[in-house]
Amino acid sequence: SGYSYIGGTGGLISVDGAGSTWTNTHEIRLADTLGDTGTLVITNGGKVTAATLFIDHATGLLSMSVGDGSKLDLGAGLLTNNGIIRLAAIPGLTAGSTWSPITASASSTWGTVQALDGTWSNATALVTVSAAVTGNAGTGVPIDLSQKQRVTITDTGTGKTVSASFLA
């Protein structure tokens, strides 16, 4: 597509799955008008390409999974964020590993970025995955969200695990 707008009441586009792509020759705008809601979700290896991305209002949301090949590629284009970018590392990533889910020019405006399972650097545009706090089912697991944003609980009887992610 050329110019794309995601907004209105509950505007949503989801690009989900390896090999799933959405290519824009110009710009994407999320929540262009005050009161609009616009959400772009890129998960499970999906890829979105555009010349620019404008998240115009606080009700605009870009939500991405990190570590599974999901990518927003703006090349030398500009990312303007007046809303929220939410980046969630997938379970099982190595603590301390870094990921670059967004490619944009150095003059990008990052605004509010919520990194679940790690930290975000505006300077490098990288997510650094945090270590997970581990525990066993039936036992309390205290966490300090300023230090760790992931919890993995194991059922010792079955060996099955469940993971949860939190904002720092």
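Here, the structure is the one placed above.
These remarks concern the structure in this document. (Residues numbered from 1 in each chain as written. Predicted model: local features only at pLDDT ≥ 70, side-chain atom pairs only at ≥ 80, totals over all residues. Heavy atoms only, no water.)

## Description of the sheet that holds strand 12 (residues 98–99)
Thinking step 1. In spatial order, the strands read 12-16-15; together these 3 strands make up an open sheet with antiparallel pairing. With one partner strand each, in any of the chains shown, strand 12 and strand 15 (118–121) form the two edges of the open sheet.
Thinking step 2. Pairing between strand 12 and strand 16 (residues 126–129): 2 bridges, direction antiparallel. By the bridge assignment for strand 16, W99 is matched with V127. (Pairing = 2+ DSSP bridges. Helix = DSSP H or I, 4+ residues; strand = E, 2+ residues; numbered from the N terminus.)

## Examining the packing of aromatic side chains
Thinking step 1. Inspection of every chain in the model, using the stated rule, returns 0 aromatic pairs.
Thinking step 2. Stacked on the ring of F54, the Lys or Arg R29 has its end atom at 4.2 Å from the ring centre. (Phe/Tyr/Trp six-rings, centres within 6.5 Å; stacked < 30°, edge-to-face > 60°. Lys NZ or Arg CZ within 6 Å of the ring centre and 35° of its normal.)

## Here we look at the pairing of strand 16
Thinking step 1. In strand 16, alternate side chains face the same way, and those of V127 and V129 are buried while those of L126 and T128 on the opposite face are not.
Thinking step 2. Across 4 bridges, the pairing between strand 15 and strand 16 is antiparallel. When the sheet's bridge partners are listed, T119 is paired in strand 16 with T128. (Buried < 20%, exposed > 50% of the residue type's maximum accessible area, 1.4 Å probe, protein only.)

## Notes on the sheet that holds strand 18 (residues 150–154)
Thinking step 1. Strands sit in the order 17-18-19 across an open sheet of 3 strands; the sheet is mixed. The sheet is open, and its two borders are formed by strand 17 (132–136) and strand 19 (161–165), each paired with just one other strand. Strand-to-strand twist of the sheet, defined as the mean angle between neighbouring strand axes without regard to direction, takes the value 20 degrees. (Axes fitted to C-alpha atoms, helices over the stretch in contact; angles between N-to-C directions.)

## Some words on the pattern of salt bridges
Thinking step 1. Overall, the coordinates contain 3 salt bridges when judged by the stated rule.
Thinking step 2. Close ionic contact of E27 with R29 constitutes a salt bridge, the shortest N to O distance being 2.8 Å.
Thinking step 3. Taking the relative accessible area as the measure of exposure, E27 reaches 17% and is therefore buried.
Thinking step 4. Among the salt bridges present, the one from D32 reaches R29, with a minimum N-O distance of 3.6 Å.
Thinking step 5. Beyond isolated ion pairs, a larger network of salt bridges with shared partners links E27, R29, D32 and D56. (Salt bridge = Lys/Arg side-chain N within 4 Å of Asp/Glu carboxyl O.)

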